[in-house]
Amino acid sequence: MTNFTSRKDAALAAIAAADTLDALEQERVAALGKKGWVSAQLKTLGTMSPDERKEAAPAIQALRGAIADAIDARRKELEASALEAQLESETIDLTLPGPDMPTGSIHPVSQVMDELAEIFADLGFAVATGPEIEDDWHNFTALNMDETHPARAMHDTFYFPDSAPDGGKMLLRTHTSPVQIRSMRDQGAPIRIIAPGRVYRSDSDATHTPMFHQVEGLVIDRDIHLGHLKWTLETFFKAFFEREDIVLRLRPSYFPFTEPSVEVDVGYSNEGDRRVVGGHGDDDGYDWMEIGGSGMVNRRVIEMVGLDPDKWQGFAFGLGIDRFAMLKYGMNDLRAFFDGDPRWLTHYGFAPFDQPTLSAGVGVRP
């Protein structure tokens, strides 16, 4: 049998002297690789007689094991040294703040809806919701809109081919007024609610989109009059725009579901290319801007929901949430609200954990 002592000692010495993992890998390949000298000795076992193999195999296997153990031990030493050197050269100050992580942002529409809910909750209003796919009875008929009303036309309303259980038409709601109808039928009176949500109309330009957001308010009680309506809207506008110089003008109008009906105008001024709400519209440098519709709930609507209009009366109003966001936060193109551009959201969005409160300011930007 060949004596491997000298070659084994030389290999172990080379392994111990390897100062990098690459150098150690070269020694492994030279000894234990497919063409390594230890592997070559293992292959000779196949050419030996059984007696010769029985004598030589233990020595060759012992040699292979000694070389492999030495390589493994040296690899652990080199890896430990490399880690220690890395730790010494790459120090970390644990007192420094961690890197900023992307957290996303709250869309201005969602923020304004939260602000609305916060303000009206303080005024005693509950938030009511309803389906976005409606039947024409809740969307039109119960609101005193007859069959010839322009809003029922195909060019204004998105209709479905399906029919309602009563044979009526199904559609995407054009306002959140059906929520008022459903709430009055389910809860009766007195009632004080706001109904925010998505609505749909066939319209699209810089200030209109086929889908937009609206909030409507409803109060039904005894002895309600227009003075209550004006005070409610003034109180809301002052809290929302965070200004005390809000001046409203109620202008006679017509809506089939209210009588009398009034358009709500608010005083504003121009600062650059931005409209700023506040001030008296008749003063120099100011003007009036229509900002919503409202009025006393029509007697026929109250009858439609099963209430006695001689006992119960109230007011209703409707405001555009998207438009309020544009006015308060200086945006001039409604279409950008729905583009999903992260740069726009980064600029106009709100921090996820900045919830609007009346004490901290409902519109405090991050």
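Use the structure listed above.
Conventions we followed
- Residues numbered from 1 in each chain as written.
- Predicted model: local features only at pLDDT ≥ 70, side-chain atom pairs only at ≥ 80, totals over all residues.
- Heavy atoms only, no water.
- Axes fitted to C-alpha atoms, helices over the stretch in contact; angles between N-to-C directions.
- Helix = DSSP H or I, 4+ residues; strand = E, 2+ residues; numbered from the N terminus.
- Parallel < 35°, antiparallel > 145°, perpendicular 65-115°, else oblique.
- Contact = heavy atoms within 4.5 Å.
- Nonpolar A, V, L, I, M, F, W, Y, C, P; charged D, E, K, R; others polar.
- Pairing = 2+ DSSP bridges.
- Phe/Tyr/Trp six-rings, centres within 6.5 Å; stacked < 30°, edge-to-face > 60°.
- Buried < 20%, exposed > 50% of the residue type's maximum accessible area, 1.4 Å probe, protein only.
- Lys NZ or Arg CZ within 6 Å of the ring centre and 35° of its normal.
- Salt bridge = Lys/Arg side-chain N within 4 Å of Asp/Glu carboxyl O.

Right, let's get into the packing of helix 5 (residues 108–122) against helix 10 (residues 321–329). Where helix 5 contacts helix 10, the two axes come as close as 9 Å, and the packing angle between them is 100°. Taken as axis vectors, helix 5 and helix 10 run roughly perpendicular relative to one another. In contact with Pro-108, Val-109, Val-112, Met-113, Glu-115 and Leu-116 of helix 5, helix 10 contributes Ile-321, Asp-322, Ala-325, Lys-328 and Tyr-329. In the contact of helix 5 with helix 10, the residues fall into eight nonpolar, no polar and three charged.

Another aspect to go through is the sheet that holds strand 3 (residues 159–163). The pairing of strands in a sheet comes from backbone hydrogen bonds and takes either a parallel or an antiparallel form. One open sheet holds the three strands; their spatial order is 2-4-3, and the pairing between them is antiparallel. Looking at which strands have only one partner, the edges of the open sheet turn out to be strand 2 (133–135) and strand 3. Each adjacent strand pair in this sheet contributes to an overall mean axis angle of 35°, direction not counted.

Attention now goes to the packing of aromatic side chains. Tallying each qualifying case throughout the model produces 17 aromatic pairs. The interplanar angle of 10° and the centroid separation of 5.9 Å between the aromatic rings of Phe-255 and Phe-257 together place this pair among those described as stacked. Note on Phe-257: relative accessible area 21%, which makes it partly exposed. Between Tyr-329 and Phe-350 the ring centres are 5.1 Å apart and the planes differ by 70°, which places this aromatic pair in the edge-to-face class. Remark: Phe-350 occurs in the segment after helix 11 (342–348) and Tyr-329 occurs in helix 10; sequence separation between them is 21 residues. In this structure, Lys-169 is placed above the aromatic ring of Tyr-159, and the distance from its NZ or CZ to the ring centre is 5.2 Å.

Before going further, it helps to spend a moment on the pattern of salt bridges. By the definition in use, this model includes 14 salt bridges. Notably, a salt bridge pairs Arg-182 with Glu-134, separated by 2.7 Å at the nearest N-O pair. One end of the pair, Arg-182, is in helix 7 (residues 177–187); the other, Glu-134, is in strand 2, and 48 residues separate them in sequence. Taking relative accessible area as the criterion, Glu-134 reaches 1% and is therefore assigned buried. Three or more residues joined by partner-sharing salt bridges are found here, namely Glu-115, Glu-242 and Lys-328.

Here Ala-189 is to be found in the loop between helix 7 and strand 5 (191–200). Classification of Ala-189 by relative accessible area gives partly exposed; the value is 22%. As for Ala-189 and Asp-221, which are separated by 32 residues in sequence, their C-alpha atoms are 6.4 Å apart. Ignoring any residue separated from it by four or fewer positions in sequence, one finds Ala-189 in contact with Ile-220, Leu-307 and Trp-312.

The subject of this paragraph is the pairing of strand 8 (residues 258–271). Counting buried positions along strand 8 yields ten of 14 residues, so the element is predominantly enclosed. Two elements, strand 7 (residues 248–255) and strand 8, share seven bridges in a ladder whose sense is antiparallel. Bridged to Leu-250 within strand 8 is Val-264. Following strand 7, the chain reverses through two residues before pairing antiparallel with strand 8. With ten bridges connecting them, strand 8 and strand 10 (residues 286–297) associate as antiparallel partners. Within strand 10, the position partnered with Thr-258 by the bridge is Val-297. Pairing of strand 8 with strand 9 (residues 274–277) involves four bridges; the strand directions are antiparallel. Across the sheet, residue Ser-269 finds its bridge partner in strand 9, namely Val-276.

Between helix 2 (residues 21–32) and helix 3 (residues 37–44), whose axes approach to 3 Å, the crossing angle comes to 20°. Judged by the inter-axis angle, helix 2 sits roughly parallel to helix 3. For the pair helix 2 and helix 3, contact is made by Ala-30, Ala-31 and Leu-32 and by Trp-37, Val-38 and Ser-39, respectively. Grouping the amino acids of the contact of helix 2 with helix 3 by side-chain chemistry returns five nonpolar, one polar and no charged.

All right, on to helix 7 then. Every buried residue of helix 7 is listed here: Ser-177, Pro-178, Val-179, Gln-180, Ile-181, Ser-183 and Met-184. On its buried face, helix 7 sits against strand 2, helix 6 (136–139), strand 5, strand 6 (211–221), helix 9 (299–304) and strand 11 (313–320). Directly beyond the C-terminal end of helix 7, a positive phi value near 75° is found at Gly-188.

Limitation: the analysis is restricted to geometry and does not speak to function.
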